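# Close look at the chain arrangement
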Amino acid sequence: MAAFGGLFWRDLRLALRQGGDTGLVLGFFVLAVILFPFGVGPEPAILRRIGAGIIWVAALLSALLSLDRLFESDYQDGGLDLLALSTLPLELAVLAKCAAHWMATGLPLALASPVLAIIVNLDLGEIGILTASLLIGTPALSLIGSVAAALTLGARRQGVVLSVLVLPLYVPPLILGAGAVEASMTGIGARAYLLVLGALSLAALALCPWASAAALRQAVE
Amino acid sequence: MCRWSPVYGCLAPTKLPQPHLIAEGLACRRGERLVFAGISFHLAPGEALLLTGANGSGKTSLLRLLATLIAPVAGKLLWGTVPVEADIAAYREQLHYIGHQDGVKLDLTPREILAFWTSLHGLAGSGATVHTEAALMAFALEGVADWPCRWLSAGQRKRLALARLIATPASIWLLDEPTSALDHDNQLRLEQAIVEHRASGGRVIVASHTPIGIADAARLSLDAFAPSSADLTAG
Amino acid sequence: MINWLANPARFGRFSARTLPWFGWGAAAVLAVGLYWSLVVAPADYQQGDTVRIMYIHVPAAWMALSVYFFIAVASAVALVWRHPFAEIAARAAAPIGAAFTLICLATGSLWGRPMWGAWWVWDARLTSVLILFFFYLGYIALVNAFDDPSRGGRAGSVLALVGIVNLPIIKFSVDWWNTLHQPASVVRIGGPSIALAMLVPLLIMAAGFCLFFVALLMLRMRTVLNERKAMALRVSAGTAALQTEPEPMPSMKTAAR
């Protein structure tokens, strides 16, 4: 337990001290969303219709950008060997790192989304659903992304291969998250979507650490 | 009233486990290449093994194999009478592997890094603080203990990596080129630490190009275990 | 049987003998199947002759799923028993599977245009097959992304096992969701619901595709094994040369500059 907490706080401390990362991710998130009115025209009705989707896609891409730093620095400086040899099981180490990554990336994205939702003309109830969907869905993004990040450690063109691997896996949370807001807009109610999204995050919590740990053991060999 | 030692300070000496480390016929493959085959040795408590060999002969691979980071392609590794695979967690708890890379995060201070490393071994709270302070003193790092590691030289970071050996007790020390980047004084400190470790029943396996003062060390030259060209075509 | 074949030299001899049979067999079965499906089989009472695309579309879809399953099984073997042969088999099969998926998507699109009025719809079956295609591409990208090919093979094995969750989703997507794509009519509880006159050419085409896959897989594996043999010979020749090469003369170094 001490080891889990130690790793979590260390990663969080590193993310805070290297400050730039969270700022960059948020900056990219905002820029990506702002590009769309330029591309599809500023008509409020259109933006409202596609707004939730835009914000979710931008959140996905922002999460994608921050994934390669998840294991890369440990891989480069030999810290991964230490984690592989410690008394903390590698699966729990992955979980601790993903938790710290989520707090430094996913959580800020979810908290910044209300501001962007105003730009795309969503009303108050829908903003609430959107923020809730991001809060529930971004842990899944960090966990699923950790599998791809672990698999591509040491690869040439790591960023590109990581994107090709992770984007198909990100489609289910995207469909559910954006679908939740759309369901609330059309009056069906977002509850079912949010519940399934929660189930997806829980499933990722249970399964992804095993896959990531297996991939990390390959990387360490 | 503590029995003061130049390396461990007032840290109470730990009784280290007694089983012998036995390797039989170890062979290792890196990528498509068979690096070495047929390595056997027997390491009792208090003994030391010095690995020598040309570049590429597999010293780092052997150390990583002994650290269970790589699985051998053939052969067995035994901790006492128990194969290491049977209880890999217990075996790993008893070893320290210090490789080429120092594992030092540039944005943290040495004190924070050592506290993290001790927590990885399950130590926390005031017990851990005693250990980290002793480790910092053993390699003369108290002066820079609160600097961000970005400000430390390569030699100081290497000393920090080696301080891990003192911070948590472990029976087997696997050291890969530990004296690279160390100045003379610190090399002496490392040698003294090795002496005290062996005195309390620990064992050391060192791969080194440069001369290192370890008394009565068995020598293992990896050049003698390189595969012949016949092995290469058959594999 | 698998263990017996897993020796590279034995596989080389076995495949040299059997490859022509699989190759010509595939050609023959496919020829018979094509004739049967395009000429002999009846036209559908609703769709007319466009239904004949089914005889390529459906076997291609079956192959796309089966090849992925094959890759996943080979990856599991590679991870558990650490057999390098299994990794070679998985890597060799991946582009073939990707091609089958592409054929399935393309023929499906050609079929969908006259039937549904659209080249593409975002229903569950089509989307999950598209994601399968990207899985194949991701797998191929990952195994080729490493300088050390065995590291690429190991990473690919883990990825293949992670992606196995997609297969049941594809198979049952038409049952779980209301989709435009028609529900299962061949592999379902209660037996096939398709007419026998159409089922027979369908199965012949499927058999032909299978034989084609096996032939192509064996060919690709033979090529990889020959490449490795050539590489090993080059390495050992190089090592031998290094041991006998005399010290270069100083004059040669200055001349080279």
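You'll find the structure just up there.
Residues numbered from 1 in each chain as written. Chains lettered and ligands numbered in written order. Predicted model: local features only at pLDDT ≥ 70, side-chain atom pairs only at ≥ 80, totals over all residues.

Right, let's talk about the overall build of chain A for a bit. The helix and strand tally for chain A stands at ten helices and zero strands. Sequence-ordered secondary structure for chain A, helices as α and strands as β, is α-α-α-α-α-α-α-α-α-α. Against the globule reference of 17 Å for 221 residues, chain A gives a C-alpha radius of gyration of 18 Å, in line with a compact fold. For chain A, the C-alpha atoms occupy an extent of roughly 55 × 30 × 30 Å along the three principal directions. Looking at chain A alone, contacts between residues at least 24 apart form 81% of all its contacts between residues at least 6 apart. (Helix = DSSP H or I, 4+ residues; strand = E, 2+ residues; numbered from the N terminus. Rg over C-alpha atoms; globule rule 2.2 N^0.38 Å. Contact = placed C-beta atoms within 7 Å.)

As a further point, take the environment of Ala-9 of chain C. All names here are of chain C. The residue Ala-9 is located in helix α2 (residues 8-40) in this model. Exposure remark for Ala-9: the 10 C-beta atoms within 10 Å place this residue in the exposed category. In this structure the C-alpha to C-alpha distance between Ala-9 and Ala-141, which are 132 residues apart in sequence, comes to 29 Å. (Buried ≥ 20, exposed ≤ 12 C-beta atoms within 10 Å, placed from the backbone.)

What follows covers the sheet that holds strand β5 (residues 82-83) of chain B. Within a sheet, neighbouring strands are paired by backbone hydrogen bonds and run either parallel or antiparallel to one another. All names here are of chain B. A sheet is described by the order of its strands in space; here four strands give the open sequence β2-β1-β4-β5, paired in antiparallel fashion. For this open sheet the edge positions go to β2 (33-43) and β5, each flanked by a neighbour on one side alone. Sheet topology places strand β4 (residues 74-79) next to β5; two bridges connect them, and they run antiparallel. The partner of Leu-78 across the bridge, within β5, is Pro-83. Lying over the sheet, helix α1 (residues 59-66) contacts β1 (21-30), β2 and β4, oriented at roughly 125° with respect to β1. (Pairing = 2+ DSSP bridges. Axes fitted to C-alpha atoms, helices over the stretch in contact; angles between N-to-C directions.)

For the rest of this paragraph, the subject is the sheet that holds strand β6 (residues 95-98) of chain B. All names here are of chain B. Sheet architecture is open: five strands sit in the order β6-β7-β8-β3-β9, paired in parallel fashion. Each having just a single partner strand, β6 and β9 (217-221) make up the two edges of the open sheet. Put simply, the sheet's adjacent strands are angled 15° from each other on average, direction ignored. Note: strand β3 (residues 48-52) against strand β8 (residues 203-207), four bridges, orientation parallel. By the bridge assignment, Leu-51 is partnered in β8 with Ala-207. Along the sheet face, α1 touches β3, β6, β7 (172-176) and β8 and points at about 150° away from the line of β8. Packing of helix α6 (residues 184-199) onto the sheet brings it into contact with β3, β7 and β8, and relative to β8 it is tilted by some 145°.

Take α6 of chain B next. Each α-helix winds once per 3.6 residues, and so residues spaced three or four apart point in a common direction. All names here are of chain B. Look at α6: 23 Å from first C-alpha to last across 16 residues, which is about the 22 Å you get at 1.5 Å a residue. Three or more residues of α6 are buried, namely Asn-186, Leu-190, Ala-193, Ile-194, His-197 and Arg-198. Take α6 and look down its axis: the buried residues cluster within an arc of 130°, on one side only. Exposed and facing more than 90 degrees away from the buried side of α6 are His-184, Asp-185, Leu-188 and Ala-199. Along its buried surface, α6 packs onto β3, α4 (126-138), α5 (154-167), β7 and β8. Two residues or fewer after α6 comes Gly-201, characterised by a positive phi angle close to 100°. (Expected span 1.5 Å × (residues − 1). Arc of directions from axis to C-beta.)

On to the environment of Gln-46 of chain C, then. All names here are of chain C. Looking at where Gln-46 falls in the secondary structure, it is placed in the loop between α2 and α3 (54-81). Gln-46 sits in the exposed class, given 8 other C-beta atoms within 10 Å. Remark: the alpha-carbon pair of Gln-46 and Arg-228, spanning 182 residues in sequence, is separated by 54 Å.

With 21 residues of chain B at the contact, the number on the chain A side is 20 residues. By residue class, the composition of the side of chain B that touches chain A is ten nonpolar, six polar and five charged. (Nonpolar A, V, L, I, M, F, W, Y, C, P; charged D, E, K, R; others polar.)

Looking now at the nonpolar core. Core analysis: the biggest nonpolar cluster contains 202 residues, and Ile-55, Ile-144, Leu-151 and Ala-215 of chain A, Ala-163 of chain B together with Val-67 and Leu-142 of chain C have the highest contact counts within it. Discounting chain neighbours no more than four positions away, the residues touching Ile-144 of chain A are Val-166, Leu-169, Tyr-170, Ala-204 and Cys-208 of chain A. (Core = buried A, V, L, I, M, F, W, Y, C linked by C-beta atoms within 7 Å.)

Let's shift gears to unusual backbone geometry. Within the chain, Asn-121 of chain A stands out as a residue other than glycine whose phi angle is a positive 65°. On the secondary structure map, Asn-121 of chain A appears in the loop between α7 (106-119) and α8 (124-151). Positive phi values are uncommon outside glycine, yet Ala-140 of chain B reaches one of about 55°. Positionally, Ala-140 of chain B belongs in the loop between α4 and α5. Residue classification places Ala-140 of chain B among the partly exposed positions, given that 14 C-beta atoms sit within 10 Å.

Before going further, it helps to examine the packing of α8 of chain A against helix α9 (residues 158-185) of chain A. Residue and element names in this part refer to chain A. Here α8 crosses α9 at 165°, and the two axes come no closer than 9 Å. As far as their axial angle goes, α9 and α8 are roughly antiparallel. The handedness of the crossing between α8 and α9 comes out as right-handed. The class makeup of the residues in the contact of α8 with α9 is 18 nonpolar, six polar and one charged. (Parallel < 35°, antiparallel > 145°, perpendicular 65-115°, else oblique. Left-handed = near helix turned anticlockwise from the far one by under 90°.)

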